Amino acid sequence: MTYAFFDCLVLNTVMAARALTRRYDKVLRPFGISVVQFTVLMTVRNSPRMSVNAMAARISMDRTTLLRNLDPLRQRGFVVVGRPEKGNVRHYELTGKGADLLEEILPLWRESQVELRALVADTGPEDFLGGLRALTAGERMDA
């Protein structure tokens, strides 16, 4: 079977990832955070006292990129640097303000999850490709 370039799963995955990022950034814009910062906040929330290195590994993010995203969250009072019990291992903790922000955002995030999962519900390669294209096409229409 011969595949056309625009049927490439990598190309369509990259395009869909960009579309997803833009879609979630649009949802999060009123809250003043990006989808990457939301991911960081949720990781801090769900992994208390996790070191920066372990957190970066968990979300497949470069350590310096993680710190660049944690800094504005710290400046806005959503997270604080936690005191290490021993040694010099830095970790972050969610503040009350950060927890409140996530509670506001989570219903919208859940809604988006349901909508987007419906687009990629089937797992066959052609269905998967169709789901990726639907994500990208829907993003183009929403932009």
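Within the chain one finds six helices and two strands. For the chain, restricting intrachain contacts to residue pairs at least 6 apart in sequence, the fraction spanning at least 24 positions comes to 58%. About 9000 Å² of surface is accessible on the chain, with carbon and sulfur atoms providing 56% of the total.

Attention now goes to the nonpolar core. Residues Ile33, Phe38, Leu41, Leu66 and Leu70 are the most contacted members of the largest nonpolar core, which totals 27 residues. If you list the elements that add at least two residues to this core, you get helix H1 (9-28), helix H2 (35-46), helix H3 (52-58), helix H4 (63-75) and helix H5 (96-119). For this core, the element with the most residues is H2, which contributes six residues. Discounting chain neighbours no more than four positions away, the residues touching Phe38 are Leu28, Ile33, Leu102, Ile105, Leu106 and Trp109.

Going through the model one piece at a time under the given rule, you end up with four salt bridges. For Asp71, the salt bridge goes to Arg74, with nearest N and O atoms at 2.6 Å. With Asp71 and Arg74 both in helix H4 and three residues apart, the pair spans about one turn of that helix. Classification of Asp71 by relative accessible area gives partly exposed; the value is 31%. Taking relative accessible area as the criterion, Arg74 reaches 36% and is therefore assigned partly exposed.

We now examine the packing of H2 against H4. Where H2 contacts H4, the axes come no closer than 10 Å and their chain directions differ by 85 degrees. By the angle class used here, H2 and H4 are roughly perpendicular. Between H2, through Val36, Gln37, Val40, Leu41 and Val44, and H4, the contact on the second element is made entirely by Leu66, Asn69, Leu70, Pro72 and Leu73. Among the residues making up the contact of H2 with H4, the classes are represented as eight nonpolar, two polar and no charged.

Attention now goes to the packing of aromatic side chains. The final tally for this structure, using the stated rule, is one aromatic pair. Here the aromatic rings of Phe38 and Trp109 are separated by 6.2 Å at their centres, their planes lie at 40 degrees, and the arrangement is tilted. Placement of the pair is Phe38 in helix H2 and Trp109 in helix H5, with a sequence separation of 71 residues. Classification of Phe38 by relative accessible area gives buried; the value is 5%.

What counts, and at which threshold
- Residues numbered from 1 in each chain as written.
- Predicted model: local features only at pLDDT ≥ 70, side-chain atom pairs only at ≥ 80, totals over all residues.
- Heavy atoms only, no water.
- Helix = DSSP H or I, 4+ residues; strand = E, 2+ residues; numbered from the N terminus.
- Contact = heavy atoms within 4.5 Å.
- Areas by Shrake-Rupley, 256 points an atom, 1.4 Å probe, with all protein chains shown as cover.
- Core = buried A, V, L, I, M, F, W, Y, C linked by side-chain atoms within 4.5 Å.
- Buried < 20%, exposed > 50% of the residue type's maximum accessible area, 1.4 Å probe, protein only.
- Salt bridge = Lys/Arg side-chain N within 4 Å of Asp/Glu carboxyl O.
- Axes fitted to C-alpha atoms, helices over the stretch in contact; angles between N-to-C directions.
- Parallel < 35°, antiparallel > 145°, perpendicular 65-115°, else oblique.
- Nonpolar A, V, L, I, M, F, W, Y, C, P; charged D, E, K, R; others polar.
- Phe/Tyr/Trp six-rings, centres within 6.5 Å; stacked < 30°, edge-to-face > 60°.

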